[in-house]
Amino acid sequence: MTPDLWSYSDTISGTGQQMDIAGYDVQAVDGKIGSVDEATYEAGQSYIVVDTGPWIFGKKVMLPASVVTRIDFQDRKVFVSRTKQEIKNAPEFDESAMSDPGYRDRVGEYYGRFPRTSSM
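From a predicted model like this one, the values you see are computed outputs, not experimental measurements.

Calculation criteria
- Residues numbered from 1 in each chain as written.
- Predicted model: local features only at pLDDT ≥ 70, side-chain atom pairs only at ≥ 80, totals over all residues.
- Heavy atoms only, no water.
- Helix = DSSP H or I, 4+ residues; strand = E, 2+ residues; numbered from the N terminus.
- Buried < 20%, exposed > 50% of the residue type's maximum accessible area, 1.4 Å probe, protein only.
- Pairing = 2+ DSSP bridges.

A. Unusual backbone geometry, seen in detail. The phi dihedral of R76 is positive, around 55 degrees, even though this residue is not glycine. By the element assignment, R76 lies in the loop between β5 (68-72) and β6 (77-80). Accessibility expressed as a relative area gives 41% for R76, which makes it partly exposed.

Structural data, given as structure tokens:
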């Protein structure tokens, strides 16, 4: 797991404590996947939680901040560098396991094995 997997790209503007992207639509490289349920901005530990809604029967998944490629504040959309299938197959978000370093490692290993793709 690389530390910058959990950091937003320097090209993402507005990623700070004052920004609230909860409720924004999440666009995978191949279409809408859900909406942002929660976002964090701690240095080296940032992520978004995506509620996939009916697309994956209400599953929530955690995406490391590095998969966010762009945020469109006007249209309230977050673009990520993963496909719907990659997100669907991701480990389910487990809030109770957040204090377990092994959980974050498993999520990081999952996302770290895919090549980065562009989403726009």
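B. Layout of the pairing of β6. By the bridge criterion, three bridges tie strand β1 (residues 25-28) to β6 in an arrangement that is parallel. Each bridged residue has a counterpart across the sheet, and for V26 the counterpart in β6 is V78. As defined by bridge partners, β5 adjoins β6 across four bridges and the pair is classed as antiparallel. Looking at β6, one finds that D72 is bridged to K77. What sits between β5 and β6 in their antiparallel hairpin is a turn of four residues, with R76 showing a positive phi close to 55 degrees.

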